[in-house]
Amino acid sequence: MTTAPDRPDVHDRILDEATILFERHGFHGVSMRQVAEAAGVSKAGLYYHVHDKERLFLGVLLRAIARIGDHVDEATAGGGRARAQVRRVLRAIVTRMRGSERIMRLAEQDAVHLSEEARARMLAAYYARFVEPIRDVLRRGVERGELREVDVPEVTWLLLGQAFAGLSAPPERADSLVDAMVEVFFDGVAARADTPQ
């Protein structure tokens, strides 16, 4: 006997549709009625799953952060030297986060519409799931002597700036771009001392 495939979880479907709408129209450009219609639920059904628009928006952002964090966790799970882990993290960002630019821009621009408490939750999740694991890779690299003594938080932001810039590169250039980013990050671009001037 065959069974019908499971229907997507209603809460996930609501978040999927809300994500699309928020990305297109911003926080103020989306109504709960639009989300309910897009998700195929009644307005009462929507409010059963999410109590208000702020919580819905926060849920969209927290889910996006969790997914990004999963990519970083996967990239750093294999351990190894800092250079190898950074390469895997950069590759994950450049290849697997493509398309996430809109949600990241949304978080930057429209998070002001969240309460202070909700913004604090979003930032705490962002740091815990995304920034801190990358800082830890660099911190351990310094501790093991693979990297010179640097301001790890500052260098983490420099690395992330490189990575986010790579999101706009053509997909077929991802590997060569990651190689270049790793080389610039770890070795710089200055000519070696033994290179004739």
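Before any of the text, the structure's been laid out above.
A.B. asks: Outline the pattern of salt bridges, listing residues and values.
C.D. replies: Summed over the entire model, instances satisfying the criterion amount to 14 salt bridges. We note a salt bridge from E74 to R96, for which the minimum N-O separation is 2.9 Å. Remark: R96 occurs in helix α5 (residues 82–96) and E74 occurs in helix α4 (residues 53–76); sequence separation between them is 22 residues. Two residues, R139 and D136, come together in a salt bridge whose shortest N-O distance is 2.6 Å. Here the residue R139 and the residue D136 both occupy positions in helix α7 (residues 116–143), the gap between them amounting to three residues, near one helical turn. For R139, a relative accessible area of 30% gives the class partly exposed. Residue class for D136 comes out partly exposed when judged on its relative accessible area of 29%. Salt bridges sharing partners connect three or more residues here, namely E132, R135, D136 and R139.

A.B. asks: Pulling in residues and values, what's your account of the side chain of Q85?
C.D. replies: For Q85, the position within the fold is in helix α5. For Q85, a relative accessible area of 2% puts it in the buried group.

Cut-offs used in this document
Residues numbered from 1 in each chain as written. Predicted model: local features only at pLDDT ≥ 70, side-chain atom pairs only at ≥ 80, totals over all residues. Heavy atoms only, no water. Salt bridge = Lys/Arg side-chain N within 4 Å of Asp/Glu carboxyl O. Helix = DSSP H or I, 4+ residues; strand = E, 2+ residues; numbered from the N terminus. Buried < 20%, exposed > 50% of the residue type's maximum accessible area, 1.4 Å probe, protein only.

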